[in-house]
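A structural walkthrough
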Amino acid sequence: AAKKDKVSKKLIKELAPCKAILEDLECHDDAWPFLLPVNTKQFPTYKKIIKCPMDLSTIKKRLQDMYYKSREEFCTDVRQIFNNCETFNEDDSPVGKAGHCMRQFFEARWNDLCTS
Ligand SMILES: Cc1ncccc1N[C@@H](C)c1cnc2ccsc2c1
């Protein structure tokens with residue numbers, strides 16, 4: 001049991017900064033396209049084009065459910081949001097521009113974390 005506790009303590013320590021970054025992403029002015037799963041009734045082609053949909057509410061739930069086993073898994077899901085955005089949206093569209101801005105914001109926060 002002691003070993004397991006050590007692992008989970010390490011995990012909480014490792015994932016706590018991820019929760020803080022997620023909160024900053026959610027309250028960013030350009031977060032609006034990414035807060036909830038893309039509505040496939042509104043965007044019928046989305047399901048066909050995007051194989052791994054991801055959004056901030058799903059990541060929030062995964063953090064709460066202790067789904068992530070490392071910081072890297074969290075980072076991969078966040079990057080999935082922005083990769084999907086680039087695949088589906090034109091760079092100069094409102095959603096495309098928001099995606100580029102949010103990705104820059106995230107990667108800067110991620111670097112701070114990894115170099116802190
Ligand atoms: C991130 C993303 N990628 C592709 C399609 C949609 C979205 N976001 C949704 C929320 C969205 C994005 N933009 C609009 C504009 C009118 S409804 C609506 C809903």
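Before going into details, it helps to say that this report is about the structure given with it. (Residues numbered from 1 in each chain as written. Predicted model: local features only at pLDDT ≥ 70, side-chain atom pairs only at ≥ 80, totals over all residues. Heavy atoms only, no water.)

We now examine the site of the ligand. Near the ligand you find W32, P33, F34, V38, Q42, F43, Y46, F88, N89 and V95, and these make up its full shell. Within the backbone of P33, a nitrogen or oxygen atom sits 3.1 Å from a nitrogen atom of the ligand. A distance of 3.3 Å separates a nitrogen atom of the ligand from a polar atom in the side chain of N89. Contact with the protein chains removes 70% of the 450 Å² of surface that the ligand exposes when unbound. (Near = heavy atom within 4 Å. Polar contact = N/O pair within 3.5 Å; in protein donor to acceptor, adjacent residues only side chain to side chain. Areas by Shrake-Rupley, 256 points an atom, 1.4 Å probe, with all protein chains shown as cover.)

Right, let's get into the packing of helix α1 (residues 2-26) against helix α3 (residues 56-64). Two elements in contact, α1 and α3, have axes separated by 11 Å at closest approach and are oriented at 155°. Our classification of the angle between α1 and α3 gives roughly antiparallel. Regarding α1 and α3, the two cross each other, and that crossing is left-handed. Here L15, C18, K19, L22, L25 and E26 of α1 come into contact with α3, specifically with L56, I59, K60 and L63. (Axes fitted to C-alpha atoms, helices over the stretch in contact; angles between N-to-C directions. Helix = DSSP H or I, 4+ residues; strand = E, 2+ residues; numbered from the N terminus. Parallel < 35°, antiparallel > 145°, perpendicular 65-115°, else oblique. Left-handed = near helix turned anticlockwise from the far one by under 90°. Contact = heavy atoms within 4.5 Å.)

A few words on the environment of D24. Tracing the backbone through its elements, the reader meets D24 in helix α1. For the pair formed by D24 and C52, sequence separation is 28 residues and the distance between their alpha carbons is 23 Å. With residues up to four places along the chain from it excluded, the contact list for D24 reads F105 and R109.

Let us now look at the pattern of salt bridges. Under the counting rule described, the total for this entry stands at eight salt bridges. With its nearest N and O atoms 2.7 Å apart, the salt bridge here joins R79 to E107. Residue R79 is found in helix α4 (residues 71-88), and its partner E107 is found in helix α5 (residues 94-115); the two are separated by 28 residues along the sequence. Residue R103 is joined to E86 by a salt bridge in which the shortest nitrogen-to-oxygen separation is 3.1 Å. You can see R103 sitting in helix α5 and its partner E86 sitting in helix α4, a full 17 residues away along the chain. (Salt bridge = Lys/Arg side-chain N within 4 Å of Asp/Glu carboxyl O.)

Attention now goes to a nonpolar patch on the surface. A contiguous nonpolar patch, built from W32, L35 and L36 and spanning about 330 Å² of accessible area, is present on the exposed surface. One can find L36 in the loop between α1 and α2 (46-49). (Patch = residues over 30% accessible without salt bridge, like charges linked within 9 Å, V, L, I, M, F, W, Y side chains within 5 Å.)

I59, F74, F106 and W110 are the most contacted members of the largest nonpolar core, which totals 24 residues. Those elements that provide at least two residues to this core are α1, α3, α4 and α5. The residues contacting W110, other than those within four sequence positions of it, are C18, I21, R71, E72, F74, C75 and R79. (Core = buried A, V, L, I, M, F, W, Y, C linked by side-chain atoms within 4.5 Å. Buried < 20%, exposed > 50% of the residue type's maximum accessible area, 1.4 Å probe, protein only.)

This next bit is on the packing of α4 against α5. The relative placement of two packed helices is expressed as an angle between their axes plus a distance between the axes. In the contact formed by α4 and α5, the axes pass within 8 Å of each other and the chain directions differ by 160°. Considered as vectors, α4 and α5 are oriented roughly antiparallel to each other. The chirality of how α4 crosses α5 is left-handed. Counted together, R71, E72, F74, C75, V78, R79, F82, N83, C85 and E86 of α4 and V95, G96, G99, H100, M102, R103, F106, E107, W110 and L113 of α5 form the full contact between these two elements. Looking at side-chain class alone, the contact of α4 with α5 contains 10 nonpolar, four polar and six charged residues. (Nonpolar A, V, L, I, M, F, W, Y, C, P; charged D, E, K, R; others polar.)

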